[in-house]
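Inside the fold
What follows is each chain in one-letter form.
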Amino acid sequence: MAGAVTAHLSHTSADRPRHINESGIVRWTLISIALLFLGLMVVLPLVCIFIEAFKKGWSVYEASITDSDALSALRLTLVVALIAVPLNTIFGIAAAWTISKFRFRGKNALITLIDLPFAVSPVIAGLVYILLFGAQGYLGPWLDEHNIQIVFALPGIVLATVFVTVPFVARELIPLMQAQGVQEEEAAASLGAKGWQIFWRVTVPNIKWGLLYGIILCNARAMGEFGAVSVVSGHIRGETNTLPLHIEILYNEYQFSASFAVSSLLVFLAVLTLLTKAFLEWQMNRRQTG
């Protein structure tokens with residue numbers, strides 16, 4: 001028994017990744033390049049947004065973000081995210097469960113379809129919905145007869161957002177659930193647990209951090225989506241404009257201070273999302289090392 005434990009420990013230590021021993025010059029050169037690149041390409045543009053937003057003072061900033069159109073765009077952005085993210089969460093869990101727990105023909109095709117929104121331009125996605133649900137689209141006449149409006153309304157914006165954010169939750173969960181295998185679920189089933197009991201008491205605790213991570217990324221993408229939403233929204237001011245669309249309109253009208261002020265709201269939401277993500281990663285690492 002002791003020999004087996006010793007062999008296991010030696011095998012484990014041998015499998016541990018070793019840190020690359022590079023000279024201090026190489027390490028600091030690589031770190032400096034990374035920090036310089038991030039500073040120029042990420043941090044500096046974000047700082048410039050806030051500088052321009054407050055350039056004309058707090059009164060102009062406050063008037064810009066409390067404008068009725070800006071508040072309407074903020075509400076619509078949050079509503080779309082509140083609808084699209086849960087839908088993609090349900091789909092992501094179901095798809096990951098199906099792909100990781102079952103063997104069936106067409107599994108690779110299903111994975112490819114999940115990745116499709118990464119490859120297709122969001123503008124193309126918006127045009128597809130126009131083709132399907134627009135006034136001259138395949139389903140347009142039928143929708144018009146039944147007084148159902150999808151394009152240039154909330155349903156079209158939600159559909160476009162769901163399309164571009166489909167992969168995020170599923171793609172976080174699929175490799176995680178594949179790595180975990182089915183042993184724990186099979187053990188729970190052998191002890192008499194039913195399907196939902198297995199899911200809530202075995203599967204969910206094992207995937208909760210990956211699930212939360214996927215939801216956060218999905219939410220960030222949903223709030224920042226521009227291309228697909230721009231095509232299906234109709235740009236109706238105060239009604240179908242999300243924050244990215246409202247920012248574009250303000251900028252095109254040469255209301256630069258207002259456009260940067262509203263942009264700062266979007267940046268704030270994005271930073272809040274990233275801080276939540278960092279907190280969850282810290283909690284996960286703490287639990288793993290604790």
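In this numbering scheme, every chain counts its residues from 1 along its sequence in written order. A pLDDT threshold of at least 70 governs which residues receive local features in this predicted model, and a stricter bar of 80 or more applies before side-chain atom pairs are shown or counted, although totals over entire chains, interfaces and linings include all residues. Note that the side-chain values use all heavy atoms of the structure and ignore hydrogens as well as water.

UniProt positions are given in the numbering used here, feature names are shortened, and annotations may be inferred rather than shown by experiment. The sites that UniProt annotates as "domain: ABC transmembrane type-1" (unreviewed entry) are residues 74-277. Strand forms 0% of residues 74-277 and helix 80%; the C-alpha atoms that close the span are 22 Å apart. Strands are runs of DSSP state E lasting at least two residues, helices are runs of H or I lasting at least four, and both sets are numbered from the N terminus onward.

Another point: the pattern of salt bridges. Here a salt bridge means any side-chain nitrogen of Lys or Arg lying within 4 Å of a carboxyl oxygen belonging to Asp or Glu. Throughout the structure, instances matching the rule amount to six salt bridges. Here Asp 69 makes a salt bridge to Arg 237, at a shortest N to O gap of 3.2 Å. Separated by 168 residues along the polypeptide, Asp 69 in helix 4 (residues 68-101) and Arg 237 in the loop between helix 11 (227-233) and helix 12 (243-252) bring together distant segments of the chain. Of the charged contacts, one joins Glu 253 and Arg 237 as a salt bridge, the two residues approaching to 2.8 Å between their closest N and O atoms. Of this pair, Glu 253 sits in the loop between helix 12 and helix 13 (256-289) while Arg 237 sits in the loop between helix 11 and helix 12, and the two are 16 residues apart along the sequence.

Another point: the nonpolar core. As used in this record, nonpolar core signifies buried Ala, Val, Leu, Ile, Met, Phe, Trp, Tyr and Cys residues forming a set joined through side-chain atoms within 4.5 Å. Here the term buried applies to any residue with accessible area under 20% of the maximum for its type, exposed to any over 50%, and partly exposed to those in between, with areas from a 1.4 Å probe on protein chains only. Of all hydrophobic cores here, the largest spans 30 residues; its most connected members are Ile 114, Leu 173, Ile 174, Leu 243 and Val 262. It is helix 4 that contributes the most residues to this core, eight residues altogether. Residue contacts are defined here by distance: any two heavy atoms, one from each residue, within 4.5 Å place the two residues in contact. Aside from chain neighbours lying at most four places away, what touches Leu 243 is Ala 70, Ala 73, Leu 74, Thr 77, Val 262, Leu 266 and Leu 269. Counting 19 residues, the second-largest nonpolar core is a separate cluster that includes Leu 76, Ile 157, Val 162 and Val 229.

A patch consists of residues exposed above 30% relative accessible area that lack any salt bridge, with like charges linked at up to 9 Å and nonpolar side chains (Val, Leu, Ile, Met, Phe, Trp, Tyr) linked at up to 5 Å. All accessible areas in this document rest on Shrake-Rupley with a 1.4 Å probe, and a residue is counted as covered only by the protein chains that are shown. Taken together, Leu 36, Phe 37, Leu 38, Leu 40, Met 41, Val 42, Val 43, Leu 44, Leu 46, Val 47 and Ile 51 make up a surface patch of nonpolar side chains, about 1000 Å² in accessible area. Looking at where Phe 37 falls in the secondary structure, it is placed in helix 2 (residues 24-53). Under the relative-accessibility criterion, Phe 37 is labelled exposed at 52%.

The subject of this paragraph is unusual backbone geometry. The phi torsion at Asn 147 lies on the positive side, around 55°, for a residue other than glycine. Along the chain, the position of Asn 147 falls in the loop between helix 7 (140-145) and helix 8 (154-180). Backbone geometry places Tyr 254, a non-glycine residue, at a positive phi of 65°. Residue Tyr 254 is classed as exposed on the basis of its relative accessible area, which comes to 64%.

Another aspect to go through is the packing of helix 4 against helix 10 (residues 195-224). Direction vectors running N to C along helix 4 and helix 10 enclose 140°, while the axes themselves pass 9 Å from each other. Taken together, the axis directions place helix 4 and helix 10 in an arrangement best described as oblique. Helix 4 and helix 10 meet at a crossing whose hand is right-handed. In contact with Thr 77, Leu 78, Ala 81, Val 85, Asn 88, Thr 89, Ile 93 and Trp 97 of helix 4, helix 10 contributes Phe 199, Thr 203, Leu 211, Ile 215, Cys 218, Asn 219, Ala 222 and Met 223. Axis definition: a line fitted to C-alpha atoms, over the contacting stretch in the case of helices. Angles run 0 to 180 degrees between N-to-C directions. Working definition: roughly parallel below 35 degrees, roughly antiparallel above 145 degrees, roughly perpendicular at 65 to 115 degrees, and oblique for all remaining angles. Whether a crossing is left-handed or right-handed is set by the direction in which the near helix is turned from the far one by less than a right angle, anticlockwise for left-handed and clockwise for right-handed.

Further remarks concern the environment of Ile 99. Tracing the chain through its elements places Ile 99 in helix 4. For the pair Ile 99 and Glu 248, spaced 149 residues apart in sequence, the C-alpha separation works out to 40 Å. Setting aside residues no more than four positions away along its own chain, Ile 99 makes contact with Phe 104, Lys 107, Leu 110, Ile 111, Ile 114, Ile 174 and Gln 178.

For any pair of aromatic rings, the description consists of the separation of the ring centres together with the inter-plane angle of the planes. Side-chain rings of Phe, Tyr and Trp, where Trp is taken by its six-membered ring, are said to pair if the distance between their centres is within 6.5 Å; with planes under 30 degrees apart they count as stacked, over 60 as edge-to-face, and otherwise as tilted. Enumeration over the complete set of coordinates arrives at 13 aromatic pairs. Ring geometry for Tyr 251 and Phe 256: centres 5.1 Å apart, planes at 65°, overall edge-to-face. Classification of Phe 256 by relative accessible area gives partly exposed; the value is 35%. Feature note: the residues Trp 97, Trp 196, Phe 199 and Trp 200 constitute an aromatic cluster, connected by ring pairs.

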